[in-house]
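# Structure assessment
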Amino acid sequence: MVSETVPTSWLVYCRPGFEHDALSEMQHHAKHQGVPCEPAYGEGWVSLTRTDDEPVNDLHRRAAFKRLIFARQSLAALPALTLSRDDRLTAILGQVKASGWSFEEIWHETPDTNDGKALVGLIKALTKPLQSMLKKRGALRGKAGGRRLHIFWTDGDRAQLGISFPGNRSELLNGIRRLRFPSRAPSRSTLKLEEAWHEFIPREEWEERLSAHMQAADLGAAPGGWTWQLVQRGMYVYAIDNGPMDKQLIATGQIDHLKEDGFTWEPPQRLDWLVCDIVDKPVRVLAMVERWLTRKWCREAIFNLKLPMKKRWDEVTRCLETLEEALKNAGVGAHINCRHLYHDREEVTVHVRLTH
């Protein structure tokens, strides 16, 4: 029987519709570590529960959040609770007490669905009373190693308690980075590049790595959503696309719009950045990016890989392994990261930074 006081479940949030991809990724890590698990999932979340009743902490820690692709949040979790609608707090308080957990803050979260959003009123009503009770019991306190209690509500009478640890979690509520669409940007795709910068580049390094007077190429640029972000940072951009670019962008004088094929165009000199949001088969985009990186035509790159409807985890894994092998064979050192971002849809975003 599963213990009610030990975190035996690894719980992640994901974009609805990508549960099987998140699960495939989680099962890969569990198999690699030899951990026997049973899966469970609902809309916008997935969990693996150890079948040997051992704590999941080691699996959760080794499957580092920053290396996960489809997970928006990663938690070590207790068994889900079925709550009385007349008294939801008693069962939550009892499970926290039995677990022995202490933490510095409490986050109430829901799946990224309409049903999840409908729980906002209930959560608001319960937040202050629960905080007060947990403070009185000493579980919610000032110094607790940065640990955070997550209460994941899947229904008004169903919640699962999870714990997260600094350095191995998302610091965003529900793991979602919400950005405001800039009204002057030519397309909403601009948010994908902005989110990628937040995700892959520490904010304190922006002035150095996203600085004015840098040079960049945007392959498949039209109408200019990603180019707009580069221009806002003061960069000079080679916008490569046979389609028309936004006239206001052209008027900045920071763009050289070349009506050429992004798959075959070559830069006149080494650039600081390559960005690419071309809609095409992942293998074709990857071959183009490999050429840029193995020949060191840029220092950093951010690009999207459009995914098939099925076995998306398998496709992403193949692509990343192919890229890593190509760089290794070319003697090119690089850091590679990949994430299914909030503003992505049927794609993942890859960041590569050359190290030598």
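The structure this text deals with has already been given above.
Quantities reported herein were computed from a predicted structural model and do not represent experimental measurements. (Residues numbered from 1 in each chain as written. Predicted model: local features only at pLDDT ≥ 70, side-chain atom pairs only at ≥ 80, totals over all residues. Heavy atoms only, no water.)

## Brief notes about the environment of Asp 314
Here Asp 314 shows up in helix 11 (residues 312-329). Look at Asp 314 and you get partly exposed, because its relative accessible area is 32%. Once the C-alpha coordinates of Asp 314 and Trp 297 are considered, the two residues, 17 residues apart in sequence, prove to be 29 Å apart. (Helix = DSSP H or I, 4+ residues; strand = E, 2+ residues; numbered from the N terminus. Buried < 20%, exposed > 50% of the residue type's maximum accessible area, 1.4 Å probe, protein only.)

## Describing the nonpolar core
For soluble globular proteins, the rule of thumb is that nonpolar side chains tend to be buried together. Counting 79 residues, the largest nonpolar core has Phe 103, Leu 134, Leu 219, Trp 292 and Phe 303 as the members making the most contacts within it. Judged by nonpolar contacts, the second largest core, of 25 residues, contains Ile 201, Leu 210, Met 235 and Ile 302. (Core = buried A, V, L, I, M, F, W, Y, C linked by side-chain atoms within 4.5 Å.)

## Things to note about helix 1 (residues 19-32)
With 14 residues, helix 1 should reach 20 Å at 1.5 Å per residue; the first-to-last C-alpha distance of 20 Å fits that figure. Among all positions of helix 1, only Glu 19, Asp 21, Ala 22, Leu 23, Glu 25, Met 26, His 29 and Ala 30 are buried. Those residues of helix 1 hidden inside the fold are in contact with strand 1 (9-13), strand 2 (37-42), strand 3 (45-50), helix 2 (57-62) and helix 11. Phi turns positive, to about 70°, at Gly 34, one or two residues after helix 1. (Expected span 1.5 Å × (residues − 1). Contact = heavy atoms within 4.5 Å.)

## Examining the sheet that holds strand 12 (residues 271-276)
Strand order in the open sheet formed by 7 strands is 11-10-9-12-13-15-14, with mixed pairing between adjacent strands. Of all strands in the sheet, those with a lone pairing partner are strand 11 (255-258) and strand 14 (334-339), marking the two edges. Here the strands of the sheet are splayed against their neighbours by 15° on average, with no regard to which way each runs. Where strand 13 (residues 298-306) meets strand 15 (residues 347-354), 7 bridges bridge the pair, whose relative direction is antiparallel. Pairing of Ile 302 across the sheet is with His 351, part of strand 15. Strands in contact with helix 6 (residues 190-200) are strand 12, strand 13, strand 14 and strand 15; relative to strand 13, the strand with the most contacts, it is inclined by about 120°. Helix 11 rests against strand 13, strand 14 and strand 15 of the sheet, and its axis sits at about 170° to strand 14. (Pairing = 2+ DSSP bridges. Axes fitted to C-alpha atoms, helices over the stretch in contact; angles between N-to-C directions.)

## Quick look at the packing of aromatic side chains
Enumeration over the complete set of coordinates arrives at 7 aromatic pairs. Between Tyr 13 and Phe 152, the aromatic rings sit 4.4 Å apart at their centres with planes inclined by 15°, giving stacked as the arrangement. Residue Tyr 13 is located in strand 1, and its partner Phe 152 is located in strand 7 (residues 148-155); the two are separated by 139 residues in the primary sequence. Three or more aromatic residues joined by ring pairs make a cluster, and in this case those are Tyr 236, Tyr 238, Trp 265, Trp 292 and Trp 297. One residue, Arg 203, lies across the ring of Trp 206, its end atom 4.0 Å from the ring centre. The side chain of Arg 339 reaches across the aromatic face of Phe 65, ending 4.5 Å from its centre. (Phe/Tyr/Trp six-rings, centres within 6.5 Å; stacked < 30°, edge-to-face > 60°. Lys NZ or Arg CZ within 6 Å of the ring centre and 35° of its normal.)

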